[in-house]
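Below, each chain spelled out in residue letters.
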Amino acid sequence: MKKTNIIDISMDLNAKTIVWTADPPPNLKPILRKPKDECNFTWLDFGSHAGTHIDAPYYLYSKKWTTDKIPFARLMGACQVLDLTDVSNTITVQALKRHAITRRIILLKTKNSYDPMKKYNPQHVDLSPEGADYLVKKGVLTLGYDYQSFEREGKNILHRIFLSRSITLIDNLRLKHAREKEYFLICLPIKVTGIDGAPARAILLEQCRL
Ligand SMILES: [Zn+2]
């Protein structure tokens, strides 16, 4: 018999969530609270790239997909986690070549997944442009990562490599509990229409033998 294990790989999104340095922190404003009010009602105020989220090509290319237009096949399907926790600084082509890439949805697990996320770490593990080109050549269609961005500075060099080819990006995954293997990914952004990024709940499904 088989049982499905579910691993939550989403970041908690609240006022303490570490966001991009230029962005204000998320504000979950309590509008109504019981017992004073009839119900609990909260006003959400945060950027489209806060917490675990999808980057749509529209972020850099105004004529390309917004988050609501990304095909479900990019957001749900067989995926592969690559364990790159041995990388201390930058993920290079050499580091990627140590792993056989067998799927078109790839999640890169680095030591960022073990960061307590108390403050923004400008020296988080990043990906080299050559590493990005290598993943493009491997036919990756969706790429997930465990920090706010693949790149340390906001120059969007890597974002251009991926988004110009309409490769879907998932940022701020928490992959501590995922191992190097294949899973089934579900990562659906909320259906806000016409924008560049949207928060998402991401889970991995794992088939286990009982
Ligand atoms: Zn983003």
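A. Up close: the overall build of the protein chain. Secondary structure summary: the protein chain contains three helices and twelve strands in total. The C-alpha atoms of the protein chain give 17 Å as radius of gyration, which agrees with the globular expectation for 210 residues (17 Å, within 12%). Along the longest, intermediate and shortest principal axes, the C-alpha atoms of the protein chain span 60 × 50 × 35 Å. Classification of the 210 residues of the protein chain by burial places 37% in the buried group.

B. Expanded view of the environment of histidine 49. You can see histidine 49 is positioned in the loop between β3 (41-45) and β4 (53-55). Histidine 49 sits in the buried class, given 20 other C-beta atoms within 10 Å. A sequence separation of 14 residues divides histidine 49 from lysine 63, and the C-alpha atoms of the two residues are 19 Å apart.

C. Molecular detail of helix α2 (residues 129-137). Residues of α2 that are buried include every one of Gly131, Ala132 and Leu135, and no others. Taken down its axis, α2 places every buried residue within 100° of arc, on the same side. Structurally, α2 contributes buried residues whose contacts are with β6 (90-91), α1 (93-97), β7 (105-109), β8 (126-127), β9 (142-144) and α3 (157-163). Looking one or two places after α2, you find glycine 139, whose phi comes out positive at around 85°.

D. Up close: the nonpolar core. In this structure, Ile106, Leu143, Phe162 and Ile170 are the most contacted members of the largest nonpolar core, which totals 44 residues. Looking at this core, the elements that each hand over two or more residues are β5 (76-83), β7, α2, α3, β10 (168-171), β11 (182-189) and β12 (197-209).

The rules behind these values
- Residues numbered from 1 in each chain as written.
- Predicted model: local features only at pLDDT ≥ 70, side-chain atom pairs only at ≥ 80, totals over all residues.
- Helix = DSSP H or I, 4+ residues; strand = E, 2+ residues; numbered from the N terminus.
- Rg over C-alpha atoms; globule rule 2.2 N^0.38 Å.
- Buried ≥ 20, exposed ≤ 12 C-beta atoms within 10 Å, placed from the backbone.
- Arc of directions from axis to C-beta.
- Contact = placed C-beta atoms within 7 Å.
- Core = buried A, V, L, I, M, F, W, Y, C linked by C-beta atoms within 7 Å.

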